[in-house]
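Structure assessment
Listed below are the residues making up each chain.
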Amino acid sequence: MIRFENVTKRYRGTKRPALSGVDFEVQRGDFVFLVGTSGSGKSSCLRLILREEIPTSGRVAVLGRDLRTLANRKVPYFRRNIGSVFQDFRLLPSKTVFQNVAFSLQVIGASRGFIQQAVPEALALVGLEGKEKRLPHELSGGEQQRVAIARAIVNRPQVLLADEPTGNLDPATSTDIMQLLARINAGGTTVLMATHEAAFVDQMQRRVIELRNGEMVRDEVGGGYGDTSHVPILTPEAIRGAAASAALTAVLEVQRETAAAISGDSLAAAAVIAAAIETSDAPAPAPVAPAADDSAPAEASDSAEPAADHTATGAQQPIVLPEVDIAEIGVAGRLGLESNDDEEVGPTS
Ligand SMILES: Nc1ncnc2c1ncn2[C@@H]1O[C@H](COP(=O)(O)OP(=O)(O)OP(=O)(O)O)[C@@H](O)[C@H]1O
């Protein structure tokens with residue numbers, strides 16, 4: 001569904017490439033965290049997927065299209081398959097909640113009747129019924145991000161890109177937003193999220209792609225935020241004797257301390273998530289919607305099975321989410337986005 005092949009991105013006037021030889025593939029229905037320190041190249045990856053940038057070398061293919069050969073005039077149609085949310089929400093300040101969500105349908109020429117039906121459905125999905133007439137400044141930060149998410153998904157994109165979507169929100173509100181993104185993913189939408197939020201990455205145990213100075217240093221199924229992949233996994237069976245046992249204990253202690261240091265301020269968020277899990281009566285996560293066409297099935301990374309405990313927080317439970325009925329939105333068919341996944345979406349007006 002999304003493929004990076006040896007992608008290097010060098011911005012004009014810069015010495016060091018923003019991305020260097022990056023290779024990965026994301027399957028339909030995946031939920032992938034992109035992690036890495038500031039400047040490591042996460043946003044550049046998302047911009048390449050949106051075709052806001054093109055690689056200096058290598059290839060980016062999204063939904064079966066090689067984006068280098070995608071004609072400029074076709075880019076707006078291509079982007080209809082991709083929803084985006086950002087840290088700063090990017091709402092239109094003088095438009096109401098309804099108008100903000102409707103706007104993304106108006107620009108693609110959707111009919112008035114369709115908008116009247118689709119917008120309330122999207123707002124209901126994100127839990128904003130009754131707030132249609134509010135202006136953005138009359139909403140909390142979390143509500144504003146919900147509007148942005150409703151706007152991103154109102155035409156049922158196949159891919160949702162989220163660039164630090166919880167970056168401006170408090171831990172409890174961030175948890176709500178993460179639950180919402182996971183629900184959307186459970187309905188079959190592929191989600192790629194760039195984040196610095198260690199607690200969520202650790203809790204959700206999804207696939208983690210880590211960038212460092214533009215290079216991909218980790219692609220881990222069911223990974224945590226901190227890169228512990230270089231730490232050898234020691235098991236008691238492999239070591240005999242009291243001295244060895246003491247050494248193992250010391251190593252595990254260092255791992256725990258390292259994890260605590262990495263988690264840092266995110267511990268509060270982790271506590272909130274844990275509380276949410278405890279009070280939740282939700283069933284196990286829904287299986288990812290089956291592939292509708294030629295894509296490979298979703299990877300095992302999307303199962304609820306936690307990975308082997310080689311991250312410091314491997315014992316934590318993933319966020320458990322209610323099943324979502326994607327017919328709740330029911331917009332894809334009407335927009336012609338449903339079954340011809342690899343076909344270009346033509347103008348609707
Ligand atoms: N338009 C641009 N022109 C020049 N350099 C850029 C441009 N956009 C990004 N860069 C550089 O590319 C590198 C990667 O930036 P990018 O925004 O992709 O990182 P990031 O991991 O998303 O960072 P953050 O977590 O701070 O958002 C950085 O060194 C940045 O300065």
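Cut-offs applied
- Residues numbered from 1 in each chain as written.
- Predicted model: local features only at pLDDT ≥ 70, side-chain atom pairs only at ≥ 80, totals over all residues.
- Heavy atoms only, no water.
- UniProt positions renumbered as here; feature names shortened; annotations may be inferred.
- Helix = DSSP H or I, 4+ residues; strand = E, 2+ residues; numbered from the N terminus.
- Contact = heavy atoms within 4.5 Å.
- Salt bridge = Lys/Arg side-chain N within 4 Å of Asp/Glu carboxyl O.
- Buried < 20%, exposed > 50% of the residue type's maximum accessible area, 1.4 Å probe, protein only.
- Pairing = 2+ DSSP bridges.
- Axes fitted to C-alpha atoms, helices over the stretch in contact; angles between N-to-C directions.
- Phe/Tyr/Trp six-rings, centres within 6.5 Å; stacked < 30°, edge-to-face > 60°.

Per an unreviewed UniProt entry, the chain is named Cell division ATP-binding protein FtsE, and its organism is Microbacterium keratanolyticum. Listed in UniProt under the heading Subcellular location (unreviewed entry), the comment for the chain reads: "Cell membrane". Under the Subunit (unreviewed entry) heading, UniProt states for the chain: "Homodimer. Forms a membrane-associated complex with FtsX."

What follows is about the overall build of the chain. Within the chain, the regular secondary structure consists of 10 helices and 10 strands. Counting contacts in the chain only where the partners sit at least 6 residues apart, residues at least 24 apart contribute 74% of the total.

If you walk through the whole model with that rule in mind, you get 12 salt bridges. Residue Glu5 is joined to Arg59 by a salt bridge in which the shortest nitrogen-to-oxygen separation is 3.2 Å. Taken together, the residues Glu5 in strand S1 (residues 2-9) and Arg59 in strand S4 (residues 57-62) connect sequence positions 54 residues apart. With relative accessibility at 28%, the residue Glu5 sits in the partly exposed group. Relative accessible area serves as the criterion here: at 28%, Arg59 is assigned to the partly exposed category. Asp219 is paired through a salt bridge with Arg207; the nearest N and O atoms lie 2.8 Å apart. With Asp219 in strand S10 (residues 215-220) and Arg207 in strand S9 (residues 207-212), this pair connects stretches of sequence that are 12 residues apart.

Taking strand neighbours across the sheet as the criterion, the 4 strands line up as S2-S1-S4-S5 in an open arrangement whose pairing is antiparallel. Strands at the two margins of the open sheet, each flanked by one partner only, are strand S2 (19-26) and strand S5 (65-66). For S1 and S4, the ladder comprises 5 bridges, and the chain directions are antiparallel. Its bridge partner being in S4, Glu5 is matched across the sheet by Arg59.

Locating Asp88 in the fold gives a position in the loop between strand S6 (82-86) and helix H3 (97-106). Residue Asp88 is classed as partly exposed on the basis of its relative accessible area, which comes to 44%. Separated by 80 residues in sequence, Asp88 and Asn168 have C-alpha atoms that sit 7.1 Å apart.

Looking now at the sheet that holds S10. The sheet built from 6 strands is open, its strands ordered S6-S7-S8-S3-S9-S10 with mixed pairing. Strands with a single pairing partner mark the edges of an open sheet, and in this sheet they are S6 and S10. For this sheet, the mean angle separating the axes of adjacent strands, direction not counted, is 15°. Of the strands in this sheet, strand S3 (31-35), S6, strand S7 (159-163), strand S8 (190-194) and S9 touch helix H1 (residues 42-49), which is tilted by about 150° from S7. On the sheet, helix H5 (residues 141-153) packs against S6 and S7 and is oriented at approximately 165° with respect to S6.

Counted by the stated rule, this structure contains 2 aromatic pairs. Between Phe4 and Phe24, the aromatic rings sit 4.5 Å apart at their centres with planes inclined by 15°, giving stacked as the arrangement. Of this pair, Phe4 sits in strand S1 while Phe24 sits in strand S2, and the two are 20 residues apart along the sequence. On the accessibility criterion, Phe4 (1% relative accessible area) is buried.

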